[in-house]
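Observations on the three-dimensional arrangement
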Amino acid sequence: MNILILGSQGFLGSQLTAALLPLRELAVSQYYRGQLNGSPFPHPIGSHIFLDELMERTQPKVIINCLVVKPIPGKENLNLREMYSINSELPHQLSSIAAAYGARVIHISTDAVFSGHHGSYDEDSLPDPKDDYGNSKFLGELHYDHTLTIRCSIIGRHQTRPQFIDWIIDNKGPLFGYANYVFSPITSDFLIQVIIDNFLDQFAHHGILHLGSHAISKFDLITFITAQVNNDIELIRTETPNIDRSLKSLFALRKLGIAVPNIYQMIINNLRITSEE
C-alpha cells in the first residue's frame, strides 16, 4: 500500500516516517520543503499543479498530513499568509484531490482550536480559538467520510529540532511551571502507534477524533519529567495563565477500543525509546 507523508522531516513526520519505512507491506513517499523522496520537486507548495503532480507521482492510498506552520517562541516574524495557506487551505485542497484518487487523509490538528476557558472538551465541543494559530488549524480541520482529523497535543523528543521534553532535559534553569495551564498531552510514539494500528488499512472512524491523556498542569508535568531525567533544576511555580485545554478521549475508548495510557507511562516509554535510538 502506498503512503504519502507530508512534512516528513518535522517533529512528528520524521518519527512517523521512521516507523513506517520498515513495514514491508508499505511503500512510503516523503515530501518535505520542496523535496519528494530526497529529490527536488518541480512545483512549489500551494501552486495549482502541486497536488496533482504529487498524487500522480506517488499514487497514495493514505495521505498523512503533518505539515504545520506555528509560532516559535521568541520569534515575531511569522508569515500569517503562509500560516493560513498551509494550516487552513492546503488540508481542504488535499482532501478534494484525495477523494478524486480514492485516497484517505489523516490530518493532525491541535487542542489550540479551543480557548481553554473550561476544559474537558469532546468531539462535539464548539471550537473557539484565541489566536491565529488556533484559528488557522480550526479552519483546516476535515469532516469528510474519507478523512480523519486527530486533535491532540503532542510532546516528545527530536534529534534536530528540540521539543518540549528536550527543552526540559537540556535546560539549566530556572524553569517556570504553569500550575493553572492544564492540557492532555500524548507522546509522539503513542500517536504513531495508534495511527498504525487503527487507521492505515481502513478507517475505524472518520471526522474528528480526540486523543488525550488525563488532564495535567504544565507544572506537574515538568516536575515529573525532571525527576525522571535527574535534572535537579529550580522550578518556579507560576499561577498564570489560567487555561484548561484538556481533551476527553471517551469516544476513542468506547467506540474504537483505543485506551490512552496516563501521561506518566507515555513519558517513561518515550524516554526509553529515544535513549535507544
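Use the structure listed above.
Description of the overall build of the protein chain
Helix and strand counts for the protein chain stand at nine helices and 15 strands. In terms of overall size, the protein chain behaves like a compact globule, its C-alpha atoms giving a radius of gyration of 19 Å where 277 residues would be expected to give roughly 19 Å. Oriented by its inertia axes, the alpha-carbon framework of the protein chain measures out at about 55 × 45 × 40 Å. Counting across all 277 residues of the protein chain, residues that qualify as buried make up 52%.

Let's talk about the sheet that holds strand β3 (residues 35-36)
Spatial strand order, β4-β3-β2-β1-β5-β6-β7-β12: eight strands in an open sheet with mixed pairing. Taken across any chain shown, the strands that pair with only one partner, and hence form the sheet edges, are β4 (39-40) and β12 (207-210). Here strand β5 (residues 62-65) runs beside strand β6 (residues 104-108); their pairing, made up of four bridges, is parallel. Note that in β6 the partner of Asn 65 across the bridge is His 107. The strands touched by helix α1 (residues 11-20) within the sheet are β1 (2-6), β2 (27-32), β5 and β6, with β1 carrying the most contacts at an inclination of about 160°.

Looking at helix α2 (residues 50-58)
At 3.6 residues per turn, the α-helix brings residues three or four places apart onto the same side. Listed in full, the buried residues belonging to α2 are Phe 50, Leu 51, Leu 54, Met 55 and Thr 58. Buried residues along α2 cover an arc of 120° about the axis, so they all sit on one side. Turning to α2, the residues buried within the fold contact β1, β2, β3, β5 and α3 (80-101). Positioned one or two residues after α2, Gln 59 has a phi angle of 50°, which is positive.

Rules used throughout
- Residues numbered from 1 in each chain as written.
- Predicted model: local features only at pLDDT ≥ 70, side-chain atom pairs only at ≥ 80, totals over all residues.
- Heavy atoms only, no water.
- Helix = DSSP H or I, 4+ residues; strand = E, 2+ residues; numbered from the N terminus.
- Rg over C-alpha atoms; globule rule 2.2 N^0.38 Å.
- Buried < 20%, exposed > 50% of the residue type's maximum accessible area, 1.4 Å probe, protein only.
- Pairing = 2+ DSSP bridges.
- Contact = heavy atoms within 4.5 Å.
- Axes fitted to C-alpha atoms, helices over the stretch in contact; angles between N-to-C directions.
- Arc of directions from axis to C-beta.

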